[in-house]
Amino acid sequence: DQGRNKMAAPTLEPINSIFEYPQIHCLNEAKHGMAKDFLKAQQDGDFTKKLESDCDEQLLIVIPFNTVAKVHSLIIEGPSNGPSKIKLFSNHQSFDFTDAESKPAIQEITLSADQIKEGSGKSIPV
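Per chain, the residues get numbers from 1 upward, laid out in the order the sequence is written. Since the coordinates come from a predicted model, pLDDT governs what is reported: local features require at least 70, and pairs of side-chain atoms require 80 or more to be given and counted, while whole-chain, interface and lining totals use all residues. As a rule here, side-chain values come from all non-hydrogen atoms in the structure, and water together with hydrogens is ignored.

**Re the nonpolar core**
Residues Ile-76, Ile-86, Ile-109, Leu-111, Ile-116 and Ile-124 constitute the largest nonpolar core, which totals six residues. Any two residues whose heavy atoms approach within 4.5 Å are treated as being in contact. Residues in contact with Leu-111, not counting those within four places in the same chain, are Ile-76, Pro-83, Ser-84, Ile-86, Ile-116 and Ile-124. Among buried residues, those of type Ala, Val, Leu, Ile, Met, Phe, Trp, Tyr and Cys that are joined through side-chain atoms within 4.5 Å constitute a nonpolar core. A simple rule labels every residue: compare its accessible area, found with a 1.4 Å probe on the protein chains alone, to the largest value its type can have, and call it buried under 20%, exposed over 50%, or partly exposed in between. Judged by nonpolar contacts, the second largest core, of five residues, contains Phe-19, Tyr-21, Ile-24 and Leu-39.

**Observations concerning the side chain of Asn-28**
Per the convention used, a helix needs a DSSP run of H or I reaching at least four residues, while a strand needs a run of E reaching at least two, with both numbered from the N terminus. The residue Asn-28 is located in the loop between strand E1 (25-27) and helix H1 (34-43) in this model. N or O atoms within 3.5 Å of each other form a polar contact, as long as, within protein, one can give a hydrogen and the other can take it, and as long as residues adjacent in sequence are counted only when both atoms are side-chain atoms. In this structure the side chain of Asn-28 is engaged in a polar contact, spanning 3.1 Å, whose partner is the backbone oxygen of Gln-58. If near-sequence neighbours (up to four positions away) are discounted, Asn-28 is found in contact with Glu-52, Ser-53, Asp-54, Cys-55, Asp-56, Gln-58, Leu-59 and Phe-97.

**Notes on the pattern of salt bridges**
Take a side-chain nitrogen of Lys or Arg and a carboxyl oxygen of Asp or Glu: if they are within 4 Å of each other, that pair is a salt bridge. By the definition in use, this model includes four salt bridges. For the salt bridge of Glu-108 with Lys-85, the shortest nitrogen-to-oxygen distance reads 3.9 Å. Placement of the pair is Glu-108 in strand E5 (residues 107-110) and Lys-85 in strand E4 (residues 85-88), with a sequence separation of 23 residues. Taking the relative accessible area as the measure of exposure, Glu-108 reaches 48% and is therefore partly exposed.

**What to know about the environment of Glu-52**
In this structure, Glu-52 sits in the loop between H1 and strand E2 (60-62). On the basis of relative accessible area, Glu-52 is assigned to the partly exposed category, the value being 45%. Sequence separation between Glu-52 and Asn-28 is 24 residues; the distance between their C-alpha atoms is 8.2 Å. Here Glu-52 is in contact with Asn-28, Glu-29, Ala-30, Met-34 and Leu-59, once residues within four sequence places are set aside.

Pasting the structure below:
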């Protein structure tokens with residue numbers, strides 16, 4: 001159809017280039033600043049760093065962006081007993097575990113061991 005303008009499909013790019021790294025924080029991380037260091041290492045191509053909880057199986061990671069973004073998918077890798085569920089929230093300036101339990105998530109994703117298998121690099125649609 002020559003009379004119509006065709007829109008190009010959007011390109012998918014790693015979102016970590018628009019993270020506000022100084023404002024990233026994580027509750028229950030084993031070492032203060034671990035989540036920020038982990039995410040920065042990922043951006044730099046270092047996939048050897050790990051992110052671990054200091055006390056139980058829960059982590060709450062707050063990642064502010066410096067522009068509007070649409071998240072297409074996530075890659076989460078871990079041991080076979082790694083995360084089984086993640087909840088995604090948006091547009092909260094401050095957030096804690098009470099908020100995570102009481103406020104509705106925009107999406108909840110149940111993960112299988114196959115999806116998070118270390119080294120799999122499987123994309124999880126959001």
